[in-house]
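# Coordinate inspection notes
Listed below, chain by chain, are the residues.
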Amino acid sequence: METLYKTKEMTITRIFNAPVDIVWRAWSKPEIIQKWWGPKNFTAPHYIMDFRVGGKYLSCMRSPEGVDYWSTGVYKEIEPLKRIVCTDSFSNNEGKIISAALYGMNPDFPPEMQINLEFEDLNGKTKMTLVHEGLPESEQQMCSQGWNESFDKLDELLNT
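The structure reproduced in this document is the subject of the present report. Note that the coordinates shown come from a computational prediction; the quantities given were computed from them, not determined experimentally.

Conventions and cut-offs
Residues numbered from 1 in each chain as written. Predicted model: local features only at pLDDT ≥ 70, side-chain atom pairs only at ≥ 80, totals over all residues. Heavy atoms only, no water. Pairing = 2+ DSSP bridges. Helix = DSSP H or I, 4+ residues; strand = E, 2+ residues; numbered from the N terminus. Core = buried A, V, L, I, M, F, W, Y, C linked by side-chain atoms within 4.5 Å. Buried < 20%, exposed > 50% of the residue type's maximum accessible area, 1.4 Å probe, protein only. Contact = heavy atoms within 4.5 Å. Salt bridge = Lys/Arg side-chain N within 4 Å of Asp/Glu carboxyl O. Polar contact = N/O pair within 3.5 Å; in protein donor to acceptor, adjacent residues only side chain to side chain. Phe/Tyr/Trp six-rings, centres within 6.5 Å; stacked < 30°, edge-to-face > 60°.

The next thing to look at is the pairing of strand 5 (residues 68–79). Two strands pair when backbone bridges link them, and strand 4 (residues 56–62) and strand 5 are joined in this way by seven bridges, in the antiparallel orientation. Pairing of tyrosine 57 across the sheet is with glycine 73, part of strand 5. Bridge analysis of strand 5 against strand 6 (residues 83–91) gives seven bridges, and the strand direction is antiparallel. Each residue of the ladder has a partner; that of glutamate 77, found in strand 6, is valine 85. The hairpin turn running from strand 5 into strand 6, its antiparallel successor, is three residues long, and leucine 81 in that turn takes a positive phi close to 65 degrees.

In structure tokens:
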């Protein structure tokens, strides 16, 4: 596991002990995403997606205290088994983009960020690289922890 911090860009690379088509499915099927989405002890009670270029997603992460955090985005690029690029924004439960400050978070989060995912076949394993662009530098550690905890849950799901 490798995490690099750059100005307004965070990169995480993980190797999963599963074929690329299985890891891809974990990103492209909402019923699977709901099983691993969100940091440790968070759940994903709501995840809908129109997985096509120009399609949107709307997700909810629920904290252990029962606080819901909604996000939305638009798929900009999809290259099956290779690449997903989408926008990422805090939203309300209807998908309207809102300020992170409304969730008690840093108001320096931009209204729209970008997520770039690359998938590479490693002879039955999958190297996945996530680049989250537009993050405030002050929030990169928190976001890295959240993503890595989500990926830990994904790894556990892939190995069951």
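The discussion continues.
Another point: the pairing of strand 8 (residues 125–133). Sheet topology note: the strand 2 (residues 9–16)/strand 8 ladder contains eight bridges and is antiparallel. If you follow threonine 11 over to strand 8, its bridge partner there is valine 131. Taken together, the nine bridges between strand 7 (residues 113–122) and strand 8 define a ladder with antiparallel strand orientation. Opposite glutamine 114, over in strand 8, you have glutamate 133 as the bridge partner.

Grouped burial of nonpolar side chains is what soluble globular proteins tend to show. Within the largest apolar cluster, 39 residues are counted, with the highest numbers of intra-cluster contacts made by Trp27, Phe119, Trp147 and Phe151. Contacts of tryptophan 147, omitting those with residues within four sequence positions, involve Met10, Ile12, Trp27, Trp37, Ile115, Leu130 and His132.

Under the definition given, this model contains six salt bridges. Between arginine 25 and aspartate 21 there is a salt bridge, and its shortest N-O distance comes to 3.8 Å. Highlighted residues: arginine 25 and aspartate 21, both in helix 1 (residues 20–28), separated by four residues, approximately one helical turn. By relative accessible area, which is 35% here, arginine 25 ends up partly exposed. Ionic pairing is found between glutamate 118 and arginine 83, a salt bridge with its closest N-O pair at 2.1 Å. Taken together, the positions of glutamate 118 in strand 7 and arginine 83 in strand 6 put the pair 35 residues apart, joining distant regions of the chain. For glutamate 118, a relative accessible area of 34% gives the class partly exposed.

Let us look at the side chain of asparagine 148. Considering the arrangement of structural elements, one finds asparagine 148 in helix 3 (residues 140–158). By relative accessible area, which is 9% here, asparagine 148 ends up buried. A distance of 3.1 Å separates the side chain of asparagine 148 from the side chain of arginine 14, its partner in a polar contact.

Our focus in this paragraph is the packing of aromatic side chains. Applying the stated criterion across every chain yields a total of 19 aromatic pairs. Summarising the aromatic geometry, the rings of tryptophan 27 and tryptophan 36 are spaced 5.0 Å apart at their centres and angled 70 degrees between planes, so their arrangement reads as edge-to-face. Both residues of the pair, tryptophan 27 and tryptophan 36, count as buried. An angle of 45 degrees between the planes, with centres 6.3 Å apart, marks the rings of tryptophan 36 and phenylalanine 151 as tilted. In this pair, tryptophan 36 is assigned in helix 2 (residues 30–36) and phenylalanine 151 in helix 3, connecting sequence segments 115 residues apart. By way of ring pairs, the aromatic residues Phe16, Trp24, Trp27, Trp36, Trp37, Tyr47, Phe51, Tyr57, Tyr75, Phe119, Trp147 and Phe151 are connected into one cluster.

Honestly, it's all geometry; don't read function into it.
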